[in-house]
Amino acid sequence: KVSLSQYKGKWVVLYFYPKDMSSGCTIEAHNFQRDLSKYDALNAVVLGVSLDTVESHKTFCTKDSLTFKLLADPNHKVIDAYGVPIASRGDNKFAQRDTFLISPAGKIVKVWEVKDIQGHSDEVLAAIAAEKK
């Protein structure tokens with residue numbers, strides 16, 4: 001169980017993504033992982049959320065050496081709470097790729113409907129740096 005209150009006083013990058021181990025989601029996760037030291041320097045944490053299970057997340061983290069938290073939301077409670085759209089393909093459901101930047105005071109200060117997967121981590125880092133000024 002994870003709650004935003006655990007991160008009070010820190011920037012939180014809460015990113016929603018469609019599917020563990022899919023190509024776009026792997027690129028996005030790798031870029032966040034690559035930049036973790038930059039997030040640490042900005043007093044920020046990265047949390048990923050998808051409809052996948054805890055077991056799927058464990059496999060993804062192990063396979064791809066991800067050290068930040070991936071949160072399982074198979075009942076889409078968090079996804080619904082943030083208003084993230086869900087798409088369906090057959091019986092499979094996927095969260096839209098959206099990111100929320102939450103201030104140390106717990107307020108959402110920026111939202112992205114992510115289109116540029118490759119450059120997204122850089123966008124988020126720039127936004128945190130701009131907000132801190």
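Worth saying up front: this structure is predicted, and the values here are computed from it rather than measured.

Points about the sheet that holds strand β3 (residues 69-72)
Here is step 1: Taken in spatial order, the five strands line up as β3-β2-β1-β6-β7 in an open sheet, and their pairing is mixed. In this open sheet, the two strands that pair with only one neighbour each are β3 and β7 (108-113). Adjacent strand axes in the sheet meet at a mean angle of 20°, parallel and antiparallel pairs treated alike.
Here is step 2: Here strand β6 (residues 98-102) pairs with β7 via five bridges, running antiparallel. Residue pairing in the sheet places phenylalanine 100 in a bridge with valine 111 of β7.
Here is step 3: Together, β2 (44-50) and β3 form the strand contacts of helix α3 (residues 54-64), whose direction differs from that of β3 by roughly 160°.

Thoughts on the pattern of salt bridges
Here is step 1: A complete count under the given rule lists eight salt bridges for this structure.
Here is step 2: In this structure, the salt-bridge partner of glutamate 28 is arginine 97, at a minimum N-O distance of 2.7 Å. Highlighted residues: glutamate 28 in helix α1 (residues 23-34) and arginine 97 in the loop between β5 (92-95) and β6, separated in sequence by 69 residues.
Here is step 3: Of the residues examined, glutamate 28 reaches a relative accessible area of 2% and is grouped as buried.
Here is step 4: Ionic pairing is found between aspartate 64 and lysine 63, a salt bridge with its closest N-O pair at 3.5 Å.
Here is step 5: Take aspartate 64: its relative accessible area is 11%, and that puts it in the buried class.
Here is step 6: Several salt bridges converge on common partners, so that one network encompasses Arg34, Asp35, Lys38 and Asp122.

Rules behind the numbers
Residues numbered from 1 in each chain as written. Predicted model: local features only at pLDDT ≥ 70, side-chain atom pairs only at ≥ 80, totals over all residues. Heavy atoms only, no water. Pairing = 2+ DSSP bridges. Helix = DSSP H or I, 4+ residues; strand = E, 2+ residues; numbered from the N terminus. Axes fitted to C-alpha atoms, helices over the stretch in contact; angles between N-to-C directions. Contact = heavy atoms within 4.5 Å. Salt bridge = Lys/Arg side-chain N within 4 Å of Asp/Glu carboxyl O. Buried < 20%, exposed > 50% of the residue type's maximum accessible area, 1.4 Å probe, protein only.

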